[in-house]
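The chain contents come next:
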Amino acid sequence: MSEVLFNEQVAAGVYRLAVAGNFAGNMGQFYMLRAWDRYPLLSRPLSIFNIIEDRIEFLYLVAGEGTELFSRLKAGDRINLEGPMGNGFPEPAGKTAFVGGGIGIAPFYYALEQIPDADVFLGFSKEPYMVEEFRGRTSGRVVVDVGGVILDNVDFNAYDTIYTCGPHKMLEAVQREQLHSGTKAQVYVSLENRMACGIGACLVCSVKCKDSRKKACADGPVFRAEEVVLL
Amino acid sequence: MSEVLFNEQVAAGVYRLAVAGNFAGNMGQFYMLRAWDRYPLLSRPLSIFNIIEDRIEFLYLVAGEGTELFSRLKAGDRINLEGPMGNGFPEPAGKTAFVGGGIGIAPFYYALEQIPDADVFLGFSKEPYMVEEFRGRTSGRVVVDVGGVILDNVDFNAYDTIYTCGPHKMLEAVQREQLHSGTKAQVYVSLENRMACGIGACLVCSVKCKDSRKKACADGPVFRAEEVVLL
Amino acid sequence: MMDMSCKIAGVHFKNPVVMASGTFGFGKEYGKYYDLNRLGGISGKGLTLHPKEGNSGLRVYETPSGLLNSVGLENPGIPAFLRDECPRWEQLDTARILNLGGNSMQDYVDGALLIEEDAAARRKAGHTAVDMIELNISCPNVKAGGMAYGIQTETAREVVREIRAVTSLPLVIKLSPNAEDIVGMAVMCEQEGADGVSLINTFSAMKIDIHKRRSVFDNQYAGLSGPAIKPIALRMVHQVSKAVSIPVMGMGGISSAEDIIEFIMAGASVIQVGTYNFINLRAGIQLIEGLEVFMEQQNVTNLDEIRGIL
Amino acid sequence: MMDMSCKIAGVHFKNPVVMASGTFGFGKEYGKYYDLNRLGGISGKGLTLHPKEGNSGLRVYETPSGLLNSVGLENPGIPAFLRDECPRWEQLDTARILNLGGNSMQDYVDGALLIEEDAAARRKAGHTAVDMIELNISCPNVKAGGMAYGIQTETAREVVREIRAVTSLPLVIKLSPNAEDIVGMAVMCEQEGADGVSLINTFSAMKIDIHKRRSVFDNQYAGLSGPAIKPIALRMVHQVSKAVSIPVMGMGGISSAEDIIEFIMAGASVIQVGTYNFINLRAGIQLIEGLEVFMEQQNVTNLDEIRGIL
Ligand SMILES: Cc1cc2nc3c(=O)[nH]c(=O)nc-3n(C[C@H](O)[C@H](O)[C@H](O)COP(=O)(O)OP(=O)(O)OC[C@H]3O[C@@H](n4cnc5c(N)ncnc54)[C@H](O)[C@@H]3O)c2cc1C
Ligand SMILES: Cc1cc2nc3c(=O)[nH]c(=O)nc-3n(C[C@H](O)[C@H](O)[C@H](O)COP(=O)(O)OP(=O)(O)OC[C@H]3O[C@@H](n4cnc5c(N)ncnc54)[C@H](O)[C@@H]3O)c2cc1C
Ligand SMILES: Cc1cc2nc3c(=O)[nH]c(=O)nc-3n(C[C@H](O)[C@H](O)[C@H](O)COP(=O)(O)O)c2cc1C
Ligand SMILES: Cc1cc2nc3c(=O)[nH]c(=O)nc-3n(C[C@H](O)[C@H](O)[C@H](O)COP(=O)(O)O)c2cc1C
Ligand code: FES
Ligand code: FES
């Protein structure tokens, strides 16, 4: 069990949670969080938003019962973390773009630590958040879109590596744009399939890929965009 | 939903909870409390410990999952109360004694408001609590026993009305003592059967009585000692 | 205008929210919290010919998201019900369902005959107290006989046939999830002329006190209800709804308007609410209001539009 | 000295904590969190003769204190298992159980024959990778055939008989709570020479997405597991334990050492832990340690002292 350092609201329904401790993790990896004893049953997966010496941070959207319970946490409360899990983003080659839709921006803040010159595209449906934080961390461009289609701002041919994370619809558009643009960039999607074990043992997070089935939790959550069959 | 005013520990595992609002209730009645949404399923019954204009108070022992959740409440937290429920203590006749075993002392503090000259017998297995508060509220005697048998201190023939509340073993002893002493006093027991609906509709709190079955929640929780078949 | 109503064997349910037997007494207690006439219907506490004391020992135990009960059909007996409760039931403007239990075939039949007589007498006087019988062949807390009737289709057929023969009231059969084949059971009920089936009753289940080294219940097993069983109940209601053409009353763990919509989409005509009454004393009203909100938001004007669409 | 061990058909279980099929992969992943050799046993992911892709669409949904899964027996196939996983299983010092599934009688039998051959070959080389077969006749997520086998006793008898005839390995049959008569099913298994039964598999259950107006699962129904079903599972284990004299592996919702004690008091020889592995990655170790504490506190030196005392 670890201790909550703070849990502050950064926009309507969006919170930034900091947990004390010495945590490891690569960009794009996630933790399984549990702020309750028996109910609800499953822990909830959240991407690493930030790691500093004495703490790890998450950025989350209240989507249902579990994240609602997270939102009630106060400094000093206890929470259980398991991780880091998943493969994370592979090392990028060349010029890099991060494309986040909504709460899908979460993993990129931590990723900027390793790739501090990436261009960042942040798409919000309503209120934007964390934009200044992102600006403060990259020497590249930060493009913000509110209410539109964030992908319209991304020139797939201008990058060597493109990481994307966001709602299902956005990832479908990423796949289309990859084909349509004929880009040579390596394009990645980070998936948010529902999970149970989080470590590759139960097969409930299965991802249909071109040649086989993979596990979102252990083989992912990051996949090459062209590899995944989004349904 | 009501607001918690305070929830302070008064002894190991024993808490005094105050909830803001204008609440009604007779001595010996109880409320059904719920400080959670869906889990655990049932609300928990607690006796009225005190009612002041702007608030109601409860005194409870952490016995399991539900009371453990109560114990985590902080000022400002929300809690749901239904009540008052049950019959409560009937008006006493003549000289009155309250006999509480452990957390069974809870209903008597409020009852002293109506019967401020009653003698009070408080039995604790370990650490005593709330003794000064009881002393402050009665002009009668306050007898405290720690680790012994509180009933040994009560002369059943010295009273006209005796109210008792405590563990099952103590209530059995009350029945024996009533017979054995040949007292003319009216002796009452307050039962703590498990409850579901709390209002007399489901029959899970059934009490075997000499002549019939009664409902602890609606016909009780207070019964004449000689009426109840304790098993 | 929104229409939530539905008819089962001529009985009008103004909305699909019916209170489940054994969890709602005969309505009196909950009537202090809201107007019972808002409800679609009420199924009263299970009645037997003779008064029953019910089970000894502990009668309730909470499990994760579920409730074990071992009431054992404590009830005042049919004659006392007809005498003491029916005058009040006569005044109600909601579907009044008498839940009929029994320990033997004779019990069931004699009970049904009494109800029939009483109904006829009231009819003459221009009154009705009971709109429908819900035949409970499935109480898992009654050891002698009761259980057996609800398990095997051919054993149950006898009871259904006998009761159908002696009652002119609309007849719904309450099915047990412990049945060997709940779908076959429902089909049998349809064949025997039942006007509907209601399901599910509680699951036979167990809790052991590991310190006392015995069941927490004197009767060994008890009946499991509540949200824990909802996914299974919903599957059974869906299967049964597909298999019969008589109306289905669906229940098991319902605790929100969304849950109700699920059961209706699975094919239920009306639903019943049991354990949730304990969690929320105003469950009846709040569920109906929740349904109204859903229908408005989803542009559903009549529940028939979504009934059985799965 | 405390003794938690037990033997089933000659197979030694050092303690009663066995990991349930489908929730533990083949052990590798949890092996990163603790020493698998501490466990009583491991039942691997259900295997079929040919590789299976499993079900499309969503595969998991949480319910109150329960879990619906629709994995649909995704697995690499028996040959790949024997080739890729067994070398690692050979090194394990815990009871290794192969969970055998199938879509047809031919599948089951051919699968069992492959396992038999492999075991013989390894035996010659002085090795063992599989100690026991757990025959899964009950997966509710496989539509073609699989389900039917687990429902009716006489249909199941065929499969059990055929597999018993072709395998020399200890054989345990995994029973479904969806069976028409789980006690009759267990008795049949004993008659057909099974070395034990394990129960329960998941309950067939349902969840409807009321906005999309369809089941959340492509396969319509899914399997319910977790604490929600424990009271029913315990009752079934108790009933079955009373009815057969072969060992019973009990499971369904176990999530504490106290739960394990309940199942053992109900008659289980060993228990299995499924869903709880997801909630607690170190479930295996912590449950064993919890058992030790219980035995010490309760002065139980051998679990036989409390087994089946109800
Ligand atoms: C690898 C990974 C990383 C993630 N990182 C973040 C993050 O950094 N910030 C963030 O806000 N969210 C993140 N998510 C999504 C987050 O896990 C879900 O929003 C959360 O589990 C919902 O739980 P709930 O109880 O609040 O909602 P529920 O009531 O369970 O469901 C509400 C909605 O959330 C979706 N959902 C439910 N369970 C899961 C699940 N296990 N995985 C994915 N979606 C689910 C459902 O489709 C539903 O629409 C991530 C998910 C994954 C798999
Ligand atoms: C009318 C009435 C008045 C009560 N007044 C008080 C009071 O003022 N202060 C106080 O501390 N306690 C009081 N109790 C007892 C209190 O309700 C239980 O201790 C509480 O419900 C236990 O809940 P839990 O979830 O913490 O424990 P659980 O984990 O549910 O059970 C722990 C222990 O509590 C007992 N218990 C569980 N549920 C109930 C229940 N519904 N009713 C009675 N016992 C139960 C069990 O036998 C078990 O031994 C009262 C009970 C009743 C019926
Ligand atoms: C305390 C209690 C008593 C019950 N008594 C009866 C009864 O007398 N007759 C009957 O048919 N069902 C009885 N039931 C079953 C319910 O009517 C209902 O079928 C079951 O509880 C499932 O619904 P639920 O999960 O909404 O509670 C009882 C249930 C409970 C919890
Ligand atoms: C995700 C998942 C996959 C499962 N796969 C299998 C399987 O392949 N074979 C099998 O016999 N049982 C399978 N089961 C059933 C479990 O082994 C176990 O019988 C059931 O989950 C009840 O136990 P629990 O409540 O502890 O999970 C699976 C269960 C789950 C949750
Ligand atoms: S969540 Fe279990 S395999 Fe991915
Ligand atoms: S708790 Fe329901 S009748 Fe007493």
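Residues numbered from 1 in each chain as written. Chains lettered and ligands numbered in written order. Predicted model: local features only at pLDDT ≥ 70, side-chain atom pairs only at ≥ 80, totals over all residues. Heavy atoms only, no water.

By the naming in an unreviewed UniProt entry, chain C is Dihydroorotate dehydrogenase, taken from Fontibacillus phaseoli. The UniProt entry for chain C carries the following text under Function (unreviewed entry): "Catalyzes the conversion of dihydroorotate to orotate." (UniProt positions renumbered as here; feature names shortened; annotations may be inferred.)

Looking up chain A in an unreviewed UniProt entry gives the name Dihydroorotate dehydrogenase electron transfer subunit, with the organism given as Fontibacillus phaseoli. The Sequence similarities (unreviewed entry) comment attached to chain A in UniProt states, word for word, "Belongs to the PyrK family."

**A few points about the overall build of chain C**
Counting its regular elements, chain C contains nine helices and 16 strands. With respect to the principal axes defined by its C-alpha atoms, chain C has extents near 55 × 50 × 40 Å. Across the 310 residues of chain C, 69% fall into the buried class. Surface exposure of chain C reaches about 10000 Å², of which carbon and sulfur atoms provide 49%. (Helix = DSSP H or I, 4+ residues; strand = E, 2+ residues; numbered from the N terminus. Buried < 20%, exposed > 50% of the residue type's maximum accessible area, 1.4 Å probe, protein only. Areas by Shrake-Rupley, 256 points an atom, 1.4 Å probe, with all protein chains shown as cover.)

**Examining the packing of helix H4 (residues 153-166) of chain D against helix H5 (residues 182-191) of chain D**
Residue and element names in this part refer to chain D. Two elements in contact, H4 and H5, have axes separated by 10 Å at closest approach and are oriented at 30 degrees. Classified by the angle their axes make, H4 and H5 are roughly parallel. Remark: the crossing between H4 and H5 carries right-handed chirality. In this structure, H4 uses Thr153, Ala156, Arg157 and Val160 to contact H5, whose residues at the interface are Gly184, Met185, Met188, Cys189 and Gln191. Looking at the contact of H4 with H5 residue by residue, the classes come out as five nonpolar, three polar and one charged. (Axes fitted to C-alpha atoms, helices over the stretch in contact; angles between N-to-C directions. Parallel < 35°, antiparallel > 145°, perpendicular 65-115°, else oblique. Left-handed = near helix turned anticlockwise from the far one by under 90°. Contact = heavy atoms within 4.5 Å. Nonpolar A, V, L, I, M, F, W, Y, C, P; charged D, E, K, R; others polar.)

**Some words on the interface of chain D and chain C**
Taken together, the contact between chain D and chain C spans 41 residues of the former and 41 residues of the latter. Buried area between chain D and chain C, both sides added, is near 3500 Å², and the carbon and sulfur share of it is 65%. In terms of surface lost to chain C, no three residues of chain D exceed Met206(D), Ile210(D) and Arg213(D), which account for 19% of the buried area on that side. Here chain D is connected to chain C by two salt bridges. We note a salt bridge from Lys207(D) to Glu262(C), for which the minimum N-O separation is 2.9 Å. Those elements that provide at least two residues to the side of chain D that touches chain C are strand S11 (203-205), strand S13 (214-215), helix H6 (230-243) and helix H7 (257-265) of chain D. Per element, the largest residue contribution to the side of chain D that touches chain C is seven residues, and it comes from H6(D). When grouped by side-chain class, the residues that make up the side of chain D that touches chain C number 22 nonpolar, ten polar and nine charged. (Buried area = accessible area lost by both parts, 1.4 Å probe. Salt bridge = Lys/Arg side-chain N within 4 Å of Asp/Glu carboxyl O.)

**Considerations on the relation of the copies chain D and chain C**
Once turned by 180 degrees and shifted 0.0 Å along the axis, chain D lies on chain C with an RMSD of 0.0 Å. Taken together, the rotation angle and the small translation identify this as a two-fold axis. Scanning chain D for the C-alpha nearest the rotation axis identifies Glu180(D), at a separation of 2.1 Å. When the interface residues of chain D are mapped onto chain C, 100% of them are again interface residues, pointing to one common binding face. (Least-squares fit on C-alpha atoms with pLDDT ≥ 70 in both.)

**Topic: unusual backbone geometry**
In this model, Gly220(A) is joined to Pro221(A) through a cis peptide bond whose omega is 10 degrees. Tracing the chain through its elements places Pro221(A) in the loop between strand S14 (213-215) and strand S15 (222-224). One non-glycine residue, Gln220(D), adopts positive backbone phi at about 65 degrees. Its location among the elements puts Gln220(D) in the loop between S13 and strand S14 (222-225).

**Quick notes on the site of ligand 4**
By nearness alone, 22 residues border ligand 4, and Ser21(D), Lys174(D), Gly226(D), Gly253(D) and Thr275(D) come closest of all. Taken together, the residues near ligand 4 originate from chains A and D. Contact distances for ligand 4 include 3.1 Å between an oxygen atom and a side-chain N or O atom of Lys45(D). For ligand 4, the protein covers 98% of the area, taking 610 Å² as the surface of the free molecule. (Near = heavy atom within 4 Å. Polar contact = N/O pair within 3.5 Å; in protein donor to acceptor, adjacent residues only side chain to side chain.)

**A few points about the sheet that holds strand S9 (residues 119-124) of chain B**
Residues and elements named next belong to chain B. Strand order in the open sheet formed by six strands is S10-S9-S8-S11-S12-S15, and the pairing between neighbours is mixed. Edge positions in the sheet fall to strand S10 (142-146) and strand S15 (222-224), since each has one partner strand and no second. Sheet twist, expressed as the mean angle between neighbouring strand axes with direction ignored, is 15 degrees. Summarising the sheet, S9 and S10 pair through five bridges and their orientation is parallel. (Pairing = 2+ DSSP bridges.)

**Some details on H6(D)**
All names here are of chain D. Compared with an ideal rise of 1.5 Å per residue, which puts 14 residues at 20 Å, H6 spans 20 Å between its outermost C-alpha atoms and is within 8% of the ideal. Most of H6 sits inside the fold, with eleven of its 14 residues counted as buried. Along H6, the residues classified as buried are Lys230, Pro231, Ile232, Ala233, Leu234, Arg235, Met236, Val237, His238, Val240 and Ser241. (Expected span 1.5 Å × (residues − 1).)

**Quick look at the packing of aromatic side chains**
All chains considered together, the criterion is met by 38 aromatic pairs over all chains. Considering the side-chain rings of Tyr163(B) and Tyr188(B), the 5.3 Å spacing of their centres and the 20 degrees angle between planes classify their relative orientation as stacked. A residue pair is termed long-range when its members are at least 10 positions apart, and Tyr163(B) in strand S11 (residues 161-165) and Tyr188(B) in strand S12 (residues 186-190) qualify at 25 residues. Accessibility classification places Tyr163(B) together with Tyr188(B) in one group, the buried group. Ring centres 5.8 Å apart and planes at 75 degrees place the aromatic pair Phe203(C) and Phe203(D) in the edge-to-face group. (Phe/Tyr/Trp six-rings, centres within 6.5 Å; stacked < 30°, edge-to-face > 60°.)

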